[in-house]
Amino acid sequence: MSQVQSKAACPECSGRLEAGEETFCSDCGLVVAEDYLDRGPEWRSFSDDSENRERTGAPLTRARHDRGLSTEIGRSRDLSSKKRRRLARMRRQHNRARISSKADRNRVYAFTEIRRLVSSLGLPQSIRDQACVLFESAQSADLLRGRSLEGFAAASVYAVCRTAAVSRTVGEIADVARASEAELKAAYDALNRELGLPTGPIDPAEYIGRFASQLDVPKTVEARAREFVTEGRERGLINGRNPSGFATTCLYAAAIEADHDLTQREAADVAGVTPVTLRTAYYDLIEE
Amino acid sequence: MNRADRREVSRQYFSKERLAEHHFRSFNAFLDYGMQEVVTEKETIDTDIGDKEGQEPVWVELGDVRVVTPRVREADGSEELLYPQEARLRNITYSAPVFMEMTIVRGGEEEEEHVVDTAETKIGRMPVMVGSRKCNIAGFSDEELVEIGEDPADPGGYFIVNGSERVLMTSEDLAPNKILAEYDSRYGDEIQVAKTFSQRRGYRALVLCERNREGLLEVSFPSVSGSINFVTIVRALGLESDEEIVHRVSDDPEVVKFMLENLEAADVQSEAEAIQTLGERVASGQGRQYQLKRANYVIDRYLLPHLHEEGIDDEDVRINKAYYLCRMAEACFELALNRRQPDDKDHYANKRLKVSGDLMRDLFRTALNKLARDVKYQLERANMRNRRLSVNTVVRSDVLTERLEHPIATGNWVGGRSGVSQLVDRTDFMGVLSHLRRLRSPLSRSQPHFEARDLHATQWGRICPSETPEGPNCGLVKNFAQAMELSQNVGDEQELKRELSSMGVEGIADIEGVAHRTADD
C-alpha cells in the first residue's frame, strides 16, 4: 500500500475527493478520512465577554473514580424559588446516585487520600495518576478484603514512586499517611506478591538529592556522594544494605571528606536509620 | 522650571524603582498583614463532628500564617531556592510555600476541651511577585542580578505562573461605603436614589434608599426581595419615636415636611412590630419564632455590613445603621429639593483602585475558605473511619495552591471577573512599564458610557490625559500619570478613629460606649 495518497484522487476509483467534516469521494462515496474536528470558522460571538469560549471539558483522568466524566447540576440566579427548590432536590438525589457501589465509594476515598499524599510529598501529577491506576487494579484483584484502604492508598504511592525511580522511604510516606507503617507494609506486600510489581532493589542515588537538601549540604558534597554511590555499587557494598542508610552514609562520607560539618546522628536521622548502621557502612566504604 | 531641571527631577524621582512601586507596596502589605488578617477573620474551621449523640465536637483553630521565599521541589524530593529566570525557563511557577499553625481541639460538651494535635503545616504555595519583599532577588545588586540571569533594569511587579509572566491589572471601582445620591427613573417618572456599596471583609452589599413617586422612602438591600418602607426599617433598628426619626434626618423645615408625610404613611409604630413586619417579608409562610430570628439575622448580616466593627456587639451597631439610613434619606430629600446636585460617579474622589495586593487578598480569602471546607471534609472522614486526627493528615496543600495559581494563570478572578491577569507586554521596555502602570475600568466596553470615557478634571496629576487605547476600550483603559502616588489602605481603622477623635472629630452624640464613626467610611 502506498504511504502517501494523493489528496485529490480517490484510492478506489480515482475520483475527485471532497473535503468537509469528512473527506469522501464525490463519485463513489468512499469515506477516505474522518475528522471530527470542525475546522470551519467560529460563528459564536465573544465580544460581550459573557460567552464561555470552551467547547470541551477537562481531559479524562484515571485519578477520578468516574474518570472525570461527571455531571453536575449547576446553579442559576434567575429561577423561580419553586424551580430552585426542585433543582436542589435533584442535586441531592444526583449526588446520592453518583456513587453506585461500596467499591466506588472506597475508590473515591482512596483517590482523595492518594491525592493528599502526592501533594504533601510534592510528587508530580503522573505519579498520582499511576498510583490511582495501581489502586484500581488492586481493587479489581480483590486484594483489599480485610486490609485497610488507607494502607493501600499509601502503598500504591510508595510502589509507584519506587517503579518511577523517585523512591520515598516507608517512613517518609507513613509520616504523612493516615495509615500506620504496619498497614502500609501489609498492603505493599500484597500488591507486590499478587500484582508482580516491576520493582528491583532501590538505587541509593534516588535518595541523595532529597537528603542533601534536608541536610543542607553544598552541591559539591552532593556530587561527591553520588560518586560514592557509584563506587559502592561497583564494589558490591550496596548488596544487602538498606538503600536509604547507604545513601546517607555516602553523603556523610562526602561531607567528612570536604570538611563540612555534619554529625552521624543528623545524617542517620534523615534516613530513619541508626547511627550504628551508618557507622558500619561508612567504615566499609572508606576502607580501600 | 526649564526642561533640563524638570528632566533632572524626573530622573531623581524614578531612580529608585518607583515604576512598579504601587504593586510592591500593595503586595508587600498583603504579605505583611493582609494574609494574617484573612486568617484571623476566619478564626476557626468548625466540623459537623459532635452533632450526633454521645460525640464530642471537634474544630480547628487557625493561628499564625507564614510565607517563606520561592523555592522549587524536584521529583526526587530535594528543595532549593528558585530564581525568576529559572521559573521562566522551566515553565514553572514562582511561588513560595505557605505555612499555618493549626490546632485540632476536641471536647466542650461533656469532656473538657483538649488539644488533639497542634502543628505548623504547609497549606499550599503562594505565587510571589517578582521584586517584592518575599522575592529571592529582593535587595540584590546589579552584579548579583546579572549573575543569576536577571535583567537589572527589569521593573518587576508581576507574577510568574507556569513560566509566563502575568501582571494583575489595577481595577478602578466605585468607592465603597460612601453615600452617592443620584436621579433614576421609574416608569417615566424621575425619582431620587441614595446608594451605598457597603463592603466588609470581601462581602459587598448594595444598599439603596429611594424616594418613590409618592414621596415615600423605601430601602432595599440583599436577601430582601423588593424594598421595605424606610420608617419600618429604622424602627426595626431601634429608632422608634417620630420626633427622633425626623430629627435624625434633618432639621430643614421642608425636609421635615417630607418626613412627616412618610411617618403618616407608616404602618408600624414600635420596634417589635417593625421587626415582625420585616420577618414576614424575609421568611413568609414560616413560623413566628423563625421569622423573628431570620429578621434579626438579616439586619445584622446583610444591612450595611461595613458599620460593624471588631469587638462590638451587633446590637450596638444597629442604631448606627439607623443613623446611616437617615443620612441616606436626607441625601434623597436634598436632591428632590434641588439643595444639592447628584454625585458625580466619575469624580476621582468617588473611585478606588484595586491593586495587586487587594486582588490577591480576595483570592486568598476564597482559597482559604475552599481549604477550610476540604479540611472539614477530611476531618469528618478521618473521624468516621476512626483514624487518629492529626493536622498533617487533614490538610491537602494542592487545594489552596490550585485556587491561587489558576486565577492568575487564566485571568478568571473570583467574583466572575475575567482578564484580571494579563501576559506582560514584552514588545519593548516602554511596553512593560506602561503595562505595569495601566488600570482598567470594569465597565463593559460594548456599551457607550460616554461620561466614564471622558477625561475628568479630577484626573489631573493622577491619570495620563493622552495615553489610552483607540477603539472600544478608549477611555476605559487608562494609565497612571508620571509622578502619581497611590495612597494605600489604612491598616488599622481603630487607630485612625482614635487619631481623628484626638484631633477633635466628634462622634454621634448621645450614644456612649459605641465607637465613633468617621464621616465617610
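For the structure itself, consult the block above.
Residues numbered from 1 in each chain as written. Chains lettered and ligands numbered in written order. Predicted model: local features only at pLDDT ≥ 70, side-chain atom pairs only at ≥ 80, totals over all residues. Heavy atoms only, no water.

Draft legend 1. Here's a closer look at the overall build of chain A. In terms of regular secondary structure, chain A is built from 11 helices and three strands. For chain A, the sequential pattern of α-helices and β-strands runs β-β-β-α-α-α-α-α-α-α-α-α-α-α. At 28 Å, chain A has a C-alpha radius of gyration far larger than the 19 Å of a compact globule built from 288 residues. For chain A, the C-alpha atoms occupy an extent of roughly 85 × 60 × 45 Å along the three principal directions. Here chain A holds 288 residues, and 40% of them are scored as buried. Pairs at least 24 apart in sequence give 59% of the contacts found in chain A among residues at least 6 apart. Surface summary for chain A: the accessible area is close to 17000 Å², and the carbon and sulfur share equals 48%. (Helix = DSSP H or I, 4+ residues; strand = E, 2+ residues; numbered from the N terminus. Rg over C-alpha atoms; globule rule 2.2 N^0.38 Å. Buried < 20%, exposed > 50% of the residue type's maximum accessible area, 1.4 Å probe, protein only. Contact = heavy atoms within 4.5 Å. Areas by Shrake-Rupley, 256 points an atom, 1.4 Å probe, with all protein chains shown as cover.)

Draft legend 2. Molecular detail of unusual backbone geometry. Unusually for a residue other than glycine, D142(A) sits at a positive phi of about 60°. Positionally, D142(A) belongs in the loop between α3 (125-140) and α4 (149-163). D142(A) sits in the partly exposed class, given a relative accessible area of 44%. At N338(B), a residue that is not glycine, the phi angle is positive and equals roughly 60°. When you line up the elements, N338(B) lands in the loop between α10 (314-336) and β15 (351-354). Given the relative accessible area of 57%, N338(B) is considered exposed.

Draft legend 3. Quick look at the sheet that holds strand β2 (residues 22-25) of chain A. All names here are of chain A. In space, the three strands of this open sheet follow the order β1-β2-β3, with antiparallel pairing throughout. The open sheet is flanked by β1 (17-18) and β3 (31-34), the only strands paired with a single partner. Bridge analysis of β1 against β2 gives two bridges, and the strand direction is antiparallel. When the bridges of β2 are listed, L17 appears paired with C25. (Pairing = 2+ DSSP bridges.)

Draft legend 4. Seen up close, the side chain of E182(B). Residues and elements named next belong to chain B. Structurally, the position occupied by E182 is in strand β10 (residues 180-186). For E182, the side chain forms a polar contact with the side chain of K195, separated by 3.0 Å. Each residue touching E182, except ones within four places of it in the same chain, is listed here: I191, Q192, V193, K195, L335, P342 and K345. (Polar contact = N/O pair within 3.5 Å; in protein donor to acceptor, adjacent residues only side chain to side chain.)

Draft legend 5. Geometry of the pairing of strand β9 (residues 170-174) of chain B. Residue and element names in this part refer to chain B. Burial analysis of β9 places five of its five residues in the buried class, the great majority of the element. Sheet topology note: the β9/strand β17 (residues 438-440) ladder contains two bridges and is parallel. Residue pairing in the sheet places T170 in a bridge with L439 of β17. Relative to β15, β9 runs antiparallel, the two sharing four bridges. Bridging from a neighbouring strand, L174 pairs with K351 of β15.

Draft legend 6. Representation of the packing of helix α2 (residues 21-42) of chain B against helix α11 (residues 356-384) of chain B within the structure. Residues and elements named next belong to chain B. Direction vectors running N to C along α2 and α11 enclose 30°, while the axes themselves pass 8 Å from each other. Considered as vectors, α2 and α11 are oriented roughly parallel to each other. Crossing handedness for the pair α2 and α11: right-handed. Taking contact as the criterion, the partners of H23, S26, F27, F30, G34, M35, E37, V38, V39, E41 and K42 in α2 are, on α11, S356, G357, D358, M360, R361, F364, R365, L368, N369 and A372. (Axes fitted to C-alpha atoms, helices over the stretch in contact; angles between N-to-C directions. Parallel < 35°, antiparallel > 145°, perpendicular 65-115°, else oblique. Left-handed = near helix turned anticlockwise from the far one by under 90°.)

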